[in-house]
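# Commentary on secondary and tertiary structure
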Amino acid sequence: ICERAVARKPDLILLTGDFLTMESQSDPAVLGRALEPLRELPGQVFACFGNHDHEAPKTVITALSSAKIKLLIDDSTLVETEALPVQIVGFDFVWRDRENHMRQVCEAHPRIPGALRVLLLHDPSAFVHLPHGEGDLVLSGHTHGGQICLPGGIPVTLDSDCPRHLGRGFWQVNGMQGY
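Anyway, here's the lowdown on the structure attached to this text. Everything numeric in this text was worked out from a predicted model, so none of it was measured.

A few words now on the pairing of strand E6 (residues 116–120). Here is the key point about a regular strand: its side chains alternate between the two faces of the sheet. With four of five residues buried, E6 lies mostly within the body of the structure. Handedness of the crossover joining strand E5 (residues 85–90) and E6 through helix H4 (residues 98–108) is recorded here as right-handed.

Right, let's talk about the side chain of Arg98 for a bit. Counting through the fold element by element, Arg98 comes out in helix H4. For Arg98, a relative accessible area of 12% corresponds to the buried category. Separated by 3.1 Å, the side chain of Arg98 and the backbone oxygen of Val94 make a polar contact. Each residue touching Arg98, except ones within four places of it in the same chain, is listed here: Phe93, Asp123, Ser125, Ala126 and His129.

So, about the packing of aromatic side chains. This structure, assessed with the given rule, holds one aromatic pair. Note on Phe93 and Trp95: the rings are 4.7 Å apart at their centroids and 90° apart in plane angle, and the pair reads as edge-to-face.

Moving on: helix H3 (residues 57–66). Those residues of H3 that sit buried are Thr59, Val60, Ala63 and Leu64. Taken around the axis of H3, the buried residues stretch over an arc of 120°, which confines them to a single face. Packed against the buried residues of H3 are helix H2 (29–35), strand E2 (45–47) and strand E3 (70–71). Residue Lys68 follows H3 closely and has a positive phi angle near 65°.

It is worth spelling out the pairing of strand E4 (residues 75–80) at this point. The sheet contact formed by E4 and E5 spans six bridges and is antiparallel. Along E5, the bridge assignment pairs Ser76 with Val89.

Moving on, we come to the sheet that holds E2. Spatial strand order, E1-E2-E3: three strands in an open sheet with parallel pairing. At either margin of the open sheet sits one strand with a lone partner, and together these are strand E1 (13–15) and E3. Note: E1 against E2, three bridges, orientation parallel. In the sheet register, Leu14 faces E2, and the bridge partner there is Phe46.

The next thing to look at is the nonpolar core. Judged by nonpolar contacts, the single largest core of 20 residues is most densely connected at Leu15, Leu35, Leu38, Leu64 and Ile69. Listing elements by their share of this core, those giving two or more residues are helix H1 (2–7), E1, H2, E2 and H3. With three residues, H3 is the largest single contributor of residues to this core. Apart from the residues within four sequence positions on either side, Leu64 is in contact with Phe19, Leu35, Ala47, Ile69 and Leu71.

Conventions we followed
Residues numbered from 1 in each chain as written. Predicted model: local features only at pLDDT ≥ 70, side-chain atom pairs only at ≥ 80, totals over all residues. Heavy atoms only, no water. Buried < 20%, exposed > 50% of the residue type's maximum accessible area, 1.4 Å probe, protein only. Helix = DSSP H or I, 4+ residues; strand = E, 2+ residues; numbered from the N terminus. Right-handed = clockwise from strand over helix to strand, strands pointing away. Polar contact = N/O pair within 3.5 Å; in protein donor to acceptor, adjacent residues only side chain to side chain. Contact = heavy atoms within 4.5 Å. Phe/Tyr/Trp six-rings, centres within 6.5 Å; stacked < 30°, edge-to-face > 60°. Arc of directions from axis to C-beta. Pairing = 2+ DSSP bridges. Core = buried A, V, L, I, M, F, W, Y, C linked by side-chain atoms within 4.5 Å.

Following this line, the structure appears as structure tokens:
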């Protein structure tokens, strides 16, 4: 997947966490090898932590660093692309006090005028806690596209905290767009 992504010569690659789970930690080098092709895009690949990344943070940090991937944990960066400047804000995954956490990160990293603001927010159910209008685009993962799909492509999100419309695909809420 990483090789195919690099071959397309993207402006940016944005990763929303869960790089491994407890079951996949037996050989820390595996993640590094999987991400290795992304080294060809220095300064163009950014990531945030997912919940499973907190199970082995050193392994994840080492693999991302070796692949030249910038990890944004409650941090932001500005990237100049051919189209326009892009401000990327990466949120750490938290279970508790999400509203306060989101507000603090947004206050610490205010919008940069003239830049598209992309938020990397692992868990889409946390989206409802973002202050109104903070992101032009919010990218999430966590639900794995709904986990399962019934015949006919009907998604069933197993994360009961995640509103159905945020569990899969493109959505718009409170003037913000997400995927």
